[in-house]
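# Residue-level structural notes
If you want the building blocks of each chain, they are given just below.
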Amino acid sequence: MNRSIAPDYTQAENLAIQFPEKIQLAEGIQLFWMKDVKDDSVKLDIEWRAGSKYQAKKLVASFTNKLVLSGDENKPSSAIQEEIDYYGGFLQHELDRDHAGLVLYGLRDNIAKVFGIVTEALATVSFPEKQFEKERRVATMAFNIESKKVKNLCQRRFNLAVFGEESAYGKSADEADFAAVERQDLNDFYQAIYQEGTPIVFLVGNVEAAFIEELKTWAQSFRPKTNNYTAQLSRQEKGRIANIVVEDALQSAIRIGRLMFNKTHPDYFGFQVLNTVLGGYFGSRLMANIREDKGYTYGIGSDLAVMEDAAYFIISTEVGIDVREETLQEVFNEIERLQNELISEEELSKVKNYLLGDFLRQADGPIAMMENFKNIHFNELPRTYYSDFIHAIHTTTAVELQNLAIKYLQREDLTIVTAG
Amino acid sequence: MINYEEFKLENGLKVIFHQDKTTPLAVLNVLYDVGARDEVESRTGFAHLFEHLMFGGSKNIPNFDPPLQMAGGECNAFTSNDITNYYNTLPAQNIETAFWLESDRMMELAFTPKSLEVQRGVVIEEFKQRYLNQPYGDVWLNFRPLIYKNHPYKWATIGKEIEHIEKATMEDVKAFFFKHYSPQNAILVVGGNLELTDVKQMAEKWFGPIPAREKYVRNIPAEPEQTEARELVLERDVPSEAIYMAFRMGSRTTTEHFTGDLCSDIIAGSKSSRLYNRLVVEEKKFSSISAYITGGLEEGLFVVSGHLNKDVTFEEAEAAIWESLEELQVELMDPKELTKVKNKHKTSKVFSEQRLLNRVMNIAFFENMGELDEINNVLENYDRITAEDIQDFSKRIFARNRQSVLKVKTKK
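Here is what the cut-offs are and how they apply
Residues numbered from 1 in each chain as written. Chains lettered and ligands numbered in written order. Predicted model: local features only at pLDDT ≥ 70, side-chain atom pairs only at ≥ 80, totals over all residues. Heavy atoms only, no water. Pairing = 2+ DSSP bridges. Helix = DSSP H or I, 4+ residues; strand = E, 2+ residues; numbered from the N terminus. Axes fitted to C-alpha atoms, helices over the stretch in contact; angles between N-to-C directions. Contact = heavy atoms within 4.5 Å. Buried area = accessible area lost by both parts, 1.4 Å probe. Salt bridge = Lys/Arg side-chain N within 4 Å of Asp/Glu carboxyl O. Polar contact = N/O pair within 3.5 Å; in protein donor to acceptor, adjacent residues only side chain to side chain. Domains from an automatic or database assignment. Nonpolar A, V, L, I, M, F, W, Y, C, P; charged D, E, K, R; others polar. Expected span 1.5 Å × (residues − 1). Buried < 20%, exposed > 50% of the residue type's maximum accessible area, 1.4 Å probe, protein only. Lys, Arg positive; Asp, Glu negative; His and termini not counted. Core = buried A, V, L, I, M, F, W, Y, C linked by side-chain atoms within 4.5 Å. 1 Å grid on protein atoms, 1.4 Å probe; cavity = no way out; pocket = protein on both sides within 12 Å on 5 of 7 lines; lining within 4 Å. Points joined across faces, edges and corners; volume = space filled by probe spheres on them. Parallel < 35°, antiparallel > 145°, perpendicular 65-115°, else oblique.

### Points about the sheet that holds strand E3 (residues 41-48) of chain A
Read across the open sheet, the 6 strands follow the order E1-E2-E6-E3-E5-E4 (chain A); overall the sheet is mixed. The outermost strands of the open sheet, each flanked by one partner alone, are strand E1 (21-26) and strand E4 (90-95) of chain A. Taken over all neighbouring pairs, the strand axes of this sheet differ in orientation by 20 degrees on average, direction set aside. In this sheet, strand E5 (residues 100-107) of chain A lies alongside E4(A) in antiparallel orientation, the contact comprising 6 bridges. Across the sheet, A:His93 pairs through a bridge with A:Leu102, a residue of E5(A). The strands that helix H12 (residues 335-352) of chain B touches are E3, E4 and E5 of chain A; relative to E5(A), the one it contacts most, it runs at about 100 degrees.

What follows is the structure, encoded as structure tokens:
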């Protein structure tokens, strides 16, 4: 046996994507249900258009989301949490810039109980003073701890530079904002954005039909109003914007990036492949050079992230404070190499095969399948999105990737922020 | 219910197969029974540095990752004080690529000076990123030697100090490999959409020719019973003061592990726990509080930790935690409270077993403990615990002369 010869392998086959069943719960309120689950687990995801971009005052979306189960005069938060725990339920509060909501984890025989406790609490919440003040203390402390990390200082400044201060995506809070939030802000936000909003429900679990009826009854309680949100355009400040000095730091955080296009853009799939080559997996060029050849960092990566009103490309790493400038130079060397030299067939096949395998990993099991569906739903993509993506991976050429690197990764189009 | 089939190769390698026909994937996991506990005090951080070197090429394969990625796969590894674990996930039809790669690095590493030099740098940056350049990052580097005086649990997996990593030589690397990376010291678990006969054939083909090596026999200095309260105060540039309280307890393989786990849930495992409601919400002494057990294979720790609110003294904070620990010793708990924490384990178990990778790693972990037949009895082990058990545990474990306390003071 010759151990230096690799065994045969084949490319991962196309995905058998499953789509959830769509059920109208009430006027304008939809349920997406994946019921083909082989165990007793139930995951129920309720989301609103209640992300931080909808807030008029900083932190209100986050405080509201964290306190939606804070109770009222008759039933305190502790009693609500006690009951959820007693039935074995788990609860997760979710918030990003676009969406916010709750995720419930339970089993077939307890999910209805847990859901009942949660929805009763949602209907009566009054954001009691004690809970509100607790949240202010806890959140301020957590913020102060996070503000000691170079990666967060760097990321906040980067967001401001890439999206601009007009855009909701560019803003971040400072300590004074925690003192400025008031209880009334939460009540107002909750009423306008949650109670008069339009929740959307994603259910993964082999539940009884009766549970679907309960969801319908609950959905009747909403009085959805049209939300006239208009996004502020992002305005990117390019170039080397800032180096935030942190006394005694041992590492420097680096963020390099730019505004990009969304998932329906004709260059989207190709750019995702290019991103993978550059910094999207463990074998990427940035990892190979800056970690595996130079030993400057524990990790470096790049990503193309798409939100509702903007998208961005970002390279991020933390490196030894004495090699910050060398690292920046190497990052630009790698970008220029993508612009000046064709990617070899060998490397391109490796990236394609890796990505095809990764589609399988990202779609393994009903919960993962639902996450893929949410991507299609929220980004308003065609049902053929994943098969289109896979097709694009197969057909992408080295020349196309070189052109994309020239088109989108010019140094003068990038924003650079460092901290440390 | 996790199904499995076991067999053993002639060189002593234990192999376990877990079939799952519902996934297009397969996982190949190799656990080596070596961790930071097997290091000597003058050369710490070595097991973990070695884990990095395992990706730097083997005798017949210059680089581990590219062929795996070519076959659509992905891999990673982790090191703890107890074990080192490597795992590969790939499309099921390409599982042989993982057999080839993992067997070649068990056979023999390439031992290239370049790999050692680079990975020293990478690990030093990891040391800075995770332990030194973060608020509270160095707590456990300092806490472990307070709790342990003799036992190798006194240093963290990353090592005692950066100098140990800087000083690692190629001779150290080679000696470590031949001492610990033998087939008798490893457990191979393969899971996914495969057939037993194929797994057997591939295991024989790729791992069978690896020679058995001298069996490493662990001989770890015992830690004497703690008889006095210990305390260490660190002064750091941090936004809030923090307290960490640790009590030594039974290992992962003892009943005490399950009792301790439930006890930690009751004290501060969720928003309905005793300490959260009392200290974070009502008395406003803490901005966060948590309790957990470490589950070490040599022995465990019961840890309570939290961040103090402004103007709360360490004395008040410590007294508040002790009040709750003593309450468990004096008052028998309401059975309903115990049912609550047991029910949460029932739910989390179902979710944790959904992922093939988790099931496969769990099999390796249980086999390494010598308790593979216990893998499907975990819930029963929790269910068996009574309110009296929790009370007994509390009386035995929570004593002033058994506590180690670390306080992080803010630098004025």
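### Observations concerning the interface of chain B and chain A
Contact with chain B, which involves 72 residues of that partner, is made by 69 residues of chain A. For the pair chain B and chain A, the summed buried area comes to about 6,200 Å², and 58% of that belongs to carbon and sulfur atoms. Summed over the three residues of chain B that lose the most area to chain A, namely B:Gln69, B:Met70 and B:Asn133, the buried surface amounts to 12% of that side. Here chain B and chain A share 7 salt bridges between them. Taken together, the links from chain B to chain A amount to 34 residue pairs in polar contact (both at pLDDT 80 or more). Of all elements in the fold, only helix H2 (65-70), strand E5 (84-91), helix H3 (95-107), helix H4 (113-132), helix H8 (196-207), helix H10 (274-282), strand E10 (300-308) and H12 of chain B reach the threshold of two or more residues within the side of chain B that touches chain A.

### Things to note about the domain arrangement of chain B
Residue and element names in this part refer to chain B. Here chain B is partitioned into domain 1 (5-207) and domain 2 (230-410). Once you take the C-alpha centre of each, domain 1 and domain 2 turn out to be 29 Å apart. The partner domain 2 presents 37 residues to the 36 residues of domain 1 that form the contact. Overall, the association of domain 1 and domain 2 removes approximately 3,000 Å² of surface from exposure, summing both partners, and the carbon and sulfur fraction of that is 71%. Our count for the contact surface shared by domain 1 and domain 2 stands at 4 salt bridges. Among the salt bridges present, the one from Asp-20 reaches Arg-359, with a minimum N-O distance of 3.0 Å. Linking domain 1 to domain 2 there are 12 residue pairs in polar contact (both at pLDDT 80 or more). Of all the secondary-structure elements, those providing two or more residues to the side of domain 1 that touches domain 2 are strand E2 (14-19), strand E3 (25-32), E5, helix H5 (139-147) and strand E6 (186-192). At 6 residues, the largest contribution of residues to the side of domain 1 that touches domain 2 is made by H5. When its residues are assigned to classes, the side of domain 1 that touches domain 2 shows 19 nonpolar, 9 polar and 8 charged.

### Observations regarding helix H9 (residues 255-268) of chain B
Residues and elements named next belong to chain B. In this model H9 runs 20 Å from its N-terminal to its C-terminal C-alpha over 14 residues, within 8% of the 20 Å that 1.5 Å per residue would give. Counting buried residues along H9, 12 of its 14 residues qualify, which places the element largely inside the surrounding structure. Listed in full, the buried residues belonging to H9 are Glu-256, His-257, Phe-258, Thr-259, Gly-260, Asp-261, Leu-262, Cys-263, Ser-264, Ile-266, Ile-267 and Ala-268.

### A few points about the side chain of A:Lys134
Note that A:Lys134 resides in helix H4 (residues 129-146). Despite being buried, A:Lys134 has no salt bridge partner; A:Glu135 is the closest side chain of opposite charge, sitting 4.0 Å away. Among residues more than four places away in sequence, those in contact with A:Lys134 are B:Tyr276, B:Val280 and B:Val281.

### Considering unusual backbone geometry
Residues and elements named next belong to chain A. Despite not being glycine, Leu-59 shows a phi value in the positive range, around 75 degrees. Its place among the elements puts Leu-59 in the loop between E3 and helix H1 (60-66). We classify Leu-59 as buried; its relative accessible area is 13%.

### Regarding the nonpolar core
If you look at soluble globular proteins, the nonpolar side chains tend to sit buried side by side. All names here are of chain B. Membership of the largest hydrophobic core comes to 118 residues, with the highest contact counts inside it found for Ile-267, Ile-289, Phe-302 and Phe-398. Apart from the residues lying within four places of it in its own chain, the contact partners of Phe-398 are Phe-247, Cys-263, Ile-267, Phe-302, Trp-322, Leu-325, Leu-328, Gln-329 and Phe-393. Counting 61 residues, the second largest nonpolar core, distinct from the first, contains Val-30, Phe-64, Leu-90 and Ile-162.

### Observations regarding the environment of B:Ala399
Positionally, B:Ala399 belongs in the loop between helix H15 (387-397) and strand E11 (403-410). When neighbours within four sequence positions are excluded, B:Ala399 is seen to be in contact with B:Phe247 and B:Trp322.

### A closer look at empty space enclosed by the protein
For the structure on display, the rule yields 4 cavities of 30 Å³ or more. Estimated volume of the largest cavity: approximately 100 Å³. Looking at the largest cavity, it is lined by 14 residues, and the ones nearest its centre are A:Ser77, A:Gln81, A:Gln131, A:Lys134 and B:Lys271. Looking at the lining of the largest cavity, the elements that each hand over two or more residues are helix H2 (77-86) and H4 of chain A together with H10 of chain B. Counted by class, the lining of the largest cavity contains 4 nonpolar, 7 polar and 3 charged residues. Its boundaries defined by the atoms lining it, the second largest cavity holds a volume of some 70 Å³.

### A closer look at the pattern of salt bridges
All chains considered together, the criterion is met by 68 salt bridges over all chains. Residue A:Arg361 is joined to A:Asp358 by a salt bridge in which the shortest nitrogen-to-oxygen separation is 3.2 Å. You can see A:Arg361 and its partner A:Asp358 sitting in helix H12 (residues 345-362), 3 residues apart, about one turn around the helix. Relative accessible area serves as the criterion here: at 14%, A:Arg361 is assigned to the buried category. Ionic pairing is found between B:Asp138 and B:Arg236, a salt bridge with its closest N-O pair at 2.8 Å. Of this pair, B:Asp138 sits in the loop between H4 and H5 while B:Arg236 sits in strand E7 (residues 230-236), and the two are 98 residues apart along the sequence. Taken together, the shared-partner salt bridges in this structure form one network comprising B:Asp33, B:Arg37, B:Asp38, B:Asp82, B:Arg218 and B:Glu298.

### Comments concerning the packing of H4(A) against H10(B)
As a packed pair, H4(A) and H10(B) sit with axes 9 Å apart at the nearest point and diverge in direction by 85 degrees. On the basis of their axis angle, the class for H4(A) and H10(B) is roughly perpendicular. Residues A:Lys130, A:Gln131, A:Lys134, A:Arg137 and A:Val138 of H4(A) form the contact with H10(B), whose participating residues are B:Tyr276, B:Val280, B:Val281 and B:Glu282. Among the residues forming the contact of H4(A) with H10(B), the class breakdown is 4 nonpolar, 1 polar and 4 charged.

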